[in-house]
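# Observations on chain architecture
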Amino acid sequence: MTLQQEIVGNAMQMAVVSLQPGQTVYCEAGKFLFKTTNVTMETRLSGPSGSAGQPQGGSGAAGMGGMLRQAMGTAMQVGQRALAGESLAFQYFTSTGGEGTVGFAGVLPGEMRALELDGTRAWFAEKDAFVAAESTVDFGIAFQGGRTGRSGGEGFILEKFTGRGTVIIAGAGNFIDLNPADFGGRIEVDTGCVVAFEEGIQYGVQRVGGLNRQGLMNAVFGGEGLSLATLEGNGRVILQSLTIESLANALKKAQGGDKQGPTGGMFSTHAG
């Protein structure tokens, strides 16, 4: 059953979802706005593929074994989300007794986007991009490191969406959709501008230039620090026009506490 949703607003968008009887949508804690009275709300630690709070059949040793596996699975999910800095719980909304309505929003001024998963390709998103999804969409955490992580000086923690159905994401500023294949197969962007990308896109980080005069000029005075994100392959990429770091710096400057300094880039400092 396709999720009926409408994204409304401009500078701070929200998603208004129409639920059919028995249909369920879930969101990260803190993204819920409103609902009609015939929509029930339940908070669970497990993701949609888990079954926390739902009784298992069976009895005796088999029943205890199922409960233990269920508890261990839920603990692993919660542990992954805690390590990634995500919300520990999800809120589930189900319509009862007719069509219901529920609203969601992100936490920053910007756009939202509904992605349709057909079961053939996963989607990856930056931390905190997830807003809500159908219960048929699985939410996971992808830890990406290895060669890419070492070359960029850090690994990546990404949200991963699989299955079939609609998932709604949010970002800051305005969105632009690109395909690296249209630009020679590779694009380089500010590390804070990546919102989401399809499976098949290779996401990495590279240093800005070498350890020479121009490389140091880019890092010190260019405002980008030492790294750029790289996206390679053939697939859809969503970028945002506003980064959380630039928004934070603008707010600090407006409050008379500009912490970026005269050079920005690698010499930026952040108040604790």
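Residues numbered from 1 in each chain as written. Predicted model: local features only at pLDDT ≥ 70, side-chain atom pairs only at ≥ 80, totals over all residues. Heavy atoms only, no water.

### A look at the overall build of the protein
Heads up, the rule is: In this description a helix means any DSSP run of H or I spanning at least four residues, a strand means any run of E spanning at least two, and both kinds are numbered starting from the N terminus. Here the term buried applies to any residue with accessible area under 20% of the maximum for its type, exposed to any over 50%, and partly exposed to those in between, with areas from a 1.4 Å probe on protein chains only. Accessible surface is estimated by sampling points in the Shrake-Rupley manner with a 1.4 Å probe; for residues, cover comes only from the protein chains shown.
Helix and strand counts for the protein stand at 4 helices and 18 strands. Across the 272 residues in the protein, those meeting the buried criterion constitute 44%. When the accessible surface of the protein is split by element, carbon and sulfur atoms take 55% of a total near 13700 Å².

### Concerning unusual backbone geometry
Even without glycine at this site, D128 takes up a positive phi of about 75°. Note on placement: D128 falls in the loop between β9 (123–125) and β10 (130–134). Residue classification places D128 among the partly exposed positions, given a relative accessible area of 41%.

### Structural notes on the confidence of the model for the protein
Do not read the fine detail of predicted coordinates wherever pLDDT is low. Quick reminder of the rule: Summary of the metric used: pLDDT quantifies the predictor's per-residue confidence within the range 0 to 100. Note on contacts: a residue pair is in contact if any heavy atoms of the two residues lie within 4.5 Å.
Confidence in the prediction for the protein averages 79 pLDDT; 68% of positions are at 70 or higher. Here residues 50–58 is modelled with pLDDT under 50, and outside its nearest four sequence neighbours on either side it reaches 14 contacts, counting other chains as well. Scored below 50 in pLDDT, residues 262–272 makes 23 contacts in the model with residues more than four places away or belonging to other chains.

### Describing the side chain of T166
Stated formally: Residues adjacent in sequence count toward polar contacts only when both atoms are side-chain atoms; beyond that, a polar contact is any pair of N or O atoms within 3.5 Å, and within protein one must be able to donate a hydrogen and the other to accept it.
Relative to the helices and strands, T166 resides in strand β12 (residues 156–170). In terms of polar contacts, T166 uses its side chain to reach the side chain of E116, at 2.9 Å. Residues within four places of T166 in sequence aside, it is in contact with L3, Q5, A114, L115, E116, A133, E134 and V137.

### Here we look at the sheet that holds strand β2 (residues 14–19)
Operational definition: Only strands joined by at least two bridges in the DSSP assignment are considered to pair. What counts as an axis is a line fitted to C-alpha atoms, over the stretch in contact for a helix, and the angles between N-to-C directions run from 0 to 180 degrees.
Judged by pairing direction, the sheet is antiparallel, and its 4 strands sit side by side in the order β1-β2-β7-β4 without closing on themselves. Looking along the sheet, the strands with just one partner apiece sit at the ends: β1 (4–8) and β4 (32–35). Within the sheet, the average angular offset between the axes of one strand and its neighbour, ignoring direction, is 20°. In this structure, β2 lies alongside strand β7 (residues 100–105), joined through 6 bridges in antiparallel fashion. Each residue of the ladder has a partner; that of S18, found in β7, is T101.

### Quick word on the environment of G192
Note on placement: G192 falls in the loop between β14 (186–189) and β15 (194–198). Take G192: its relative accessible area is 26%, and that puts it in the partly exposed class. The residues touching G192, leaving out its near neighbours within four places in the chain, are Q240 and T243.

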